[in-house]
Each structure stands twice: as C-alpha cells, then as structure tokens.
Amino acid sequence: MSVPLTANHKSLQCHRWDGVLDWAQMLSGAGLITFMWMHMILVASVVISPSVMNAIAGFFESTGLAQVGGPLIFLLFLAHFVLAARKIPFRLEGQKTIWEHAKLLHHTDTWLWVVQVVSAMIILVMGAIHMWVVLSDLPITALKSAARIQSGAWIFFYLLLLPLVELHVGIGLYRIAVKWGLAGRSDRKGLKRGENLLTLIFITIGVLTLIRFWFLKG
Amino acid sequence: MARSLKFNIFRYNPQDPESTPHMESFVLEETDSMTLFIVLNRIREEQDPSLQFDFCCRAGICGSCGMVVNGRPSLACHTKTKDLPEEITLLPLPVFQLVGDLSVDTGSWFRELYDTVESWIHTKKAFDPTAKEERMENEVAEAIYELDRCVECGCCVAACGTARLRPDFLGAAGLNRVGRFLIDPRDERTEQDYYQIIGNDMGIFGCMGLLACEDVCPKHMPLQDQLGFLRKKMGITALKSFFTK
Ligand code: HEM
Ligand code: SF4
Ligand code: SF4
Ligand code: FES
C-alpha cells in the first residue's frame, strides 16, 4: 500500500532560502570572475604600453566606474565570502575531519576543494588589503602601480595573491559547471583540462604583467 | 611467482569492553583471480576466526561488502588483488555505525534515508489488483531502471566530504533516489513537494560538487549528471516560488 504523505498536504511552505542562497553563491562567484577578467585586461594592458593602461583607467575614472564600481566589487567580494563561508568548516573538528578525509581518499577533486577553501581565506585578507590600498589612492595610473610593486615587499605580496586567485577562479568555474549540470559526465575530463590551461594562461599573463611593472620607471 | 600480500586490517569490537581500535597485519600468498572476498574469508578460516566483515552475494549485487581499500571506498568482492599493491590497508566505511572490524551498519542508515525522502510512489489512485498495469514509455522505464541500479553499498556516502561534515546530508545515493521518483510518471508529487525534501542544505544545495561519489560508485551510477539535474531543477523551483509569492 502506498501512504501518501507530502502529496496530501496542499500548500506546504517552501524553504526557498537555501535554493536562493545557492544561486546567490554561484552568481556572486561568477560575478567576481567576470570582474577578475576585466581587471586582467586593465592591468595586463601595461604590457602593451603604460599609456594604454592609463587610457583604460582614465575611462573608468571619468565615467565614475572606478569610484562607484570599486566599492561595489568590494561588497560583492564580502557577500561572496559570507555565502561561500556557509560551506567552510570553521571548527577545528570539521577541519580535521576534512583533512583526514582528503588524505585518505587520494581524490583530486576533493583536494581541489581544500585548495579552494584555503586560497579563499588568504584571498579574503590579501584581497581586502589590495582593494583598500588601490581604492584609497585613486586614480589608478600605471606609474603609481609600478611604484607600489617596486617598493617594499609588495612584489612578493602580488606573486602570492596572483596564483591563489587564479587557482580559486579556475576551480570555481569548474565546480559551477559540474554542480549545475552544465557539464555532463562525458565533458568532465575535457572541462578539467580546459580549466587547468586557463589557470596557467592567466597566471602567465599575470606574471608578465608584474615583470613589466617591476621594470617600469617613471 | 606469486606475490606475498600484506593486509593491514582495522580491528575493533565495540561490544567488547577490552577491545581498543587498532590495526592488525595478516600475510597471505596471492592466488589466481583473487578478490578481497577470497582474502578475507581465507584470513578468517586460516588465521583469525574472530575477524568481522559482511558478505552475501560476492557478485557486486547485494552491496554489503563496502569497505575502504587503500583509501578508496569499494566493494570488496569486486576488488581484485592484482589491481592492488603488495601492501593493502582495509578500513570500515566511515559515516556508518561500526558493527565490528570491517562490518558497518549501512542498513539502518538507508532505512532512515528512505523514510526521510519518502522513497515510495505517492499516488492518490486506489490500487486495483485486478486492473492491468499502467503503461509507461520504454525510455522512461529504462531511465528509472538506470537509477534503480544502486545497490546501497554506501561507498558514495563514505567518499563524500559533505557527508563527513554534515551527518544529516542525504548523500548521492539519497539524492539519486529522489531523482528516481521525480522522473516516475506514477508518482504524483510536484516539484514543490520534492523541494520540501531536498531543496535545502541537507539535500541538493548541501552538495559541494566534489564528485567523489561519481568516482567511487562501484555500479558507475550517473551521479554527476543526476546531481546536476537535481540542482538545476530545484534551483529553478526555488526561483519560481521566490518570485511568485
Ligand atoms: C573573500 C574571499 C573569498 C572566499 C572566502 C571565497 C570562498 C569560497 C568557497 C569556500 C567556495 C566553495 C563553495 C562551494 O563549494 O560551494 C567558493 C567558491 C567560489 N568562489 Fe570564492 N571565495 C573568495 C573570493 C573569491 C573571489 C575573489 C572569486 C573570483 C574572483 C571567487 C570565485 C568563486 C567561484 C566562482 C566559486 C564557485 C561557486 C560555486 O561553486 O557555487 N571567490 N568561494
Ligand atoms: S550510488 Fe553507487 S556508491 Fe552509492 S550506494 Fe548506490 S551503488 Fe553504492
Ligand atoms: S558531488 Fe556532492 S554528493 Fe557527491 S561526493 Fe561531492 S558533495 Fe558528496
Ligand atoms: S558481497 Fe554482495 S556486493 Fe559484495
């Protein structure tokens, strides 16, 4: 005999929020990735010529995109952190469990998640510092950026932040594709290879950019 | 020459107050087409009759022999020693209650799961035993059958980082189970009804997409595709009810 339970209740109140938060988490991540790509175009343009970078920065400045968009991106960054942090084990017990689990399982995707979480926590701190320094000293110009990168330990700061962000972005994109069924079983291998390639390309562009800034003199 | 295999096996009997969890080693000569099923039975017969582990069908059908083989949740009867190195570590599946040594209670876990997801056809039609069975498109029947192949071994649950962190997580097997009824035309539950069950962090939105479930499932169930399908479906249901209320 079948005993209908849920089907008997006419209008059950839906817990819509978990679904909405999952969307928000994904969209905040996707939004940040879009921003990171635009960001890459801006700073990597210095490799072509500092004046190109200045022109792009000037455009953001004069249209008010930098002044308004900057803080908005910062908010998005914080929102993404709050949303994604729902999945991070903040208690030692959970951290131990997932660490032991990953070590035992020898499973790449499980390790990728650990990389994503660890990179995220570091990006949270370093990204906030970076945004503060840049946004509190507008406008952005190639020379100012170059001066910062050449002073103190900033070059090491960026040499660390760059691969962390690119790893987080690469894994994040891959994860969105598999979680939301955009990539099926047969696409997974190719997707992963594409993602790795993309990460590598972006790290290379980033390093080239940093090198250019390092040798850029006023 | 036959290899000499060393098995490090987890030993603990929760019933015995004297017993403490520890690893014990056994050495065995490898034979032709040796599986872990053969290994464990030989150890029990020849070396230690107190060794506890579960078996039934020894053909990958009953799902009772799941254990962690060198870190990977697998069916012991399906695992050939020739695919393994000389040193092999066997642990009981995590998440589930330990019965003793390598034996865990997956049955109670799955029973509770099926109660939670109401794993039966929900219909208001009265059953007429004399009537002919209702017809169904062949593709639909095959799709349902594909999702029914799960043998409830628990490997996907033991391999899942989310399940390790959240005891209430339904796991890939549980979500797959819901997906099976979702495509069954006889089940009258609506998407909202399913959303009640899995539209939360205990269900599909808890899944972090680590895909260990997909990679370890001994029956190669289409778990990645199933999880993606459910997330999309439930995500859209969430948006619909968000904007219509
Ligand atoms: C404040 C620092 C950040 C933290 C704490 C953080 C944290 C996380 C965590 C824990 C996840 C995994 C969520 C899951 O598996 O469900 C994640 C996913 C993701 N993150 Fe971040 N992240 C940060 C910054 C960023 C930045 C700067 C970007 C982009 C440039 C980004 C892009 C993504 C994407 C695309 C995903 C995948 C989203 C999904 O699977 O739904 N994150 N983030
Ligand atoms: S989905 Fe696969 S791994 Fe999970 S319980 Fe079923 S058969 Fe076992
Ligand atoms: S994909 Fe989801 S259900 Fe499968 S192992 Fe990962 S978190 Fe668990
Ligand atoms: S003994 Fe039945 S699945 Fe292994």
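Residues numbered from 1 in each chain as written. Chains lettered and ligands numbered in written order. Predicted model: local features only at pLDDT ≥ 70, side-chain atom pairs only at ≥ 80, totals over all residues. Heavy atoms only, no water.

1. Side note on the nonpolar core
Residues and elements named next belong to chain B.
And then number 1: Counting residues in hydrophobic clusters, the biggest one holds 39 residues, and the most contacted among them are Leu 175, Ile 198 and Met 234.
And then number 2: Broken down by secondary-structure element, the contributors of at least two residues to this core are helix H2 (106-116), helix H4 (155-158), helix H6 (171-182), helix H7 (191-198) and helix H9 (223-244).
And then number 3: The dominant element in this core, judged by the number of residues it contributes, is H6, at six residues.
And then number 4: Mapped onto the domain boundaries, this core takes at least three residues apiece from domain 1 (4-104) and domain 2 (117-244). (Core = buried A, V, L, I, M, F, W, Y, C linked by side-chain atoms within 4.5 Å. Buried < 20%, exposed > 50% of the residue type's maximum accessible area, 1.4 Å probe, protein only. Helix = DSSP H or I, 4+ residues; strand = E, 2+ residues; numbered from the N terminus. Domains from an automatic or database assignment.)

2. Digging into the confidence of the model for chain A
And then number 1: Overall, the predicted model of chain A reaches an average pLDDT of 82, with 93% of residues at or above 70.
And then number 2: Below a pLDDT of 50 lies the segment residues 1-12 of chain A, which in the model reaches 22 contacts outside its immediate sequence neighbourhood of four places, other chains included. (pLDDT = per-residue confidence, 0-100. Contact = heavy atoms within 4.5 Å.)

3. A few points about the site of ligand 1
And then number 1: As a structural note, the neighbourhood of ligand 1 is formed by 23 residues, with A:Gln25, A:His80, A:Phe81, A:His168 and A:Lys179 the closest of them.
And then number 2: More than one chain reaches ligand 1: the nearby residues come from chains A and B.
And then number 3: Within the side chain of A:His168, an N or O atom sits 2.8 Å from a nitrogen atom of ligand 1.
And then number 4: Only helix H1 (16-48), helix H3 (65-84), helix H5 (108-135) and helix H7 (154-179) of chain A provide two or more residues apiece to the shell around ligand 1.
And then number 5: Partitioning the shell around ligand 1 into residue classes produces 14 nonpolar, six polar and three charged. (Near = heavy atom within 4 Å. Polar contact = N/O pair within 3.5 Å; in protein donor to acceptor, adjacent residues only side chain to side chain. Nonpolar A, V, L, I, M, F, W, Y, C, P; charged D, E, K, R; others polar.)

4. Remarks on the packing of H7(B) against H9(B)
Residues and elements named next belong to chain B.
And then number 1: Axis separation between H7 and H9 bottoms out at 10 Å; the angle between their running directions is 110°. Overall, the two elements H7 and H9 adopt an arrangement that is roughly perpendicular. Where H7 abuts H9, its residues Glu 191, Gln 192, Tyr 194, Tyr 195 and Ile 198 lie against Leu 230, Lys 233, Met 234, Thr 237, Ala 238, Lys 240 and Ser 241.
And then number 2: A per-class count over the contact of H7 with H9 returns six nonpolar, three polar and three charged. (Axes fitted to C-alpha atoms, helices over the stretch in contact; angles between N-to-C directions. Parallel < 35°, antiparallel > 145°, perpendicular 65-115°, else oblique.)

5. Observations regarding the site of ligand 2
And then number 1: Close to ligand 2 lie 14 residues, the nearest being B:Cys150, B:Cys153, B:Gly154, B:Cys156 and B:Cys217.
And then number 2: Tallied by class, residues from the shell around ligand 2 come to eleven nonpolar, one polar and two charged.

6. Comments concerning the coordination of the iron atom of ligand 1
All names here are of chain A.
And then number 1: Protein coordination of the iron atom of ligand 1 is provided by His 80 (NE2) and His 168 (NE2), with donor distances spanning 2.0 to 2.1 Å.
And then number 2: Metal-centred angles of 86 to 179° between the six donor atoms at the iron atom of ligand 1 mark the site as octahedral. Of this pair, His 80 sits in helix H3 while His 168 sits in helix H7, and the two are 88 residues apart along the sequence.
And then number 3: You can call His 80 buried: its relative accessible area is 17%. (Donors = N, O, S within 2.8 Å, 3.2 Å for Na, K, Ca; no water. Tetrahedral: all angles 85-135°; square planar, octahedral: opposite > 155°, others 65-115°.)

7. Looking at helix H4 (residues 92-105) of chain A
It helps to recall that an α-helix has 3.6 residues per turn; residues three or four apart then point in one direction.
And then number 1: Compared with an ideal rise of 1.5 Å per residue, which puts 14 residues at 20 Å, H4(A) spans 20 Å between its outermost C-alpha atoms and is within 8% of the ideal.
And then number 2: Lining the buried residues of H4(A) we find H5 of chain A together with strand S4 (72-75), H4, helix H5 (161-165) and helix H8 (212-216) of chain B.
And then number 3: Directly after H4(A), the chain includes A:His106, whose backbone phi takes a positive value near 45°. (Expected span 1.5 Å × (residues − 1).)

8. Things to note about the side chain of A:Lys87
And then number 1: Topologically, A:Lys87 is positioned in the loop between H3 and H4.
And then number 2: For A:Lys87, the residues in contact, after removing those within four places along its chain, are A:Asp22, A:Gln25, A:Trp113, B:Asp201, B:Phe205, B:Gly206 and B:Met208.

9. Quick look at the interface of chain A and chain B
It is common to report an interface's size as the accessible area lost on association of the parts.
And then number 1: Across the contact, 42 residues belong to chain A and 52 residues belong to chain B.
And then number 2: In total, about 4,100 Å² of surface goes out of reach between chain A and chain B, with carbon and sulfur atoms giving 58% of it.
And then number 3: Counting across the interface, chain A meets chain B through four salt bridges.
And then number 4: Between B:Asp215 and A:Arg188 there is a salt bridge, with its nearest N and O atoms 2.8 Å apart.
And then number 5: Counting the contacts that link chain A with chain B gives 19 residue pairs in polar contact (both at pLDDT 80 or more). (Buried area = accessible area lost by both parts, 1.4 Å probe. Salt bridge = Lys/Arg side-chain N within 4 Å of Asp/Glu carboxyl O.)

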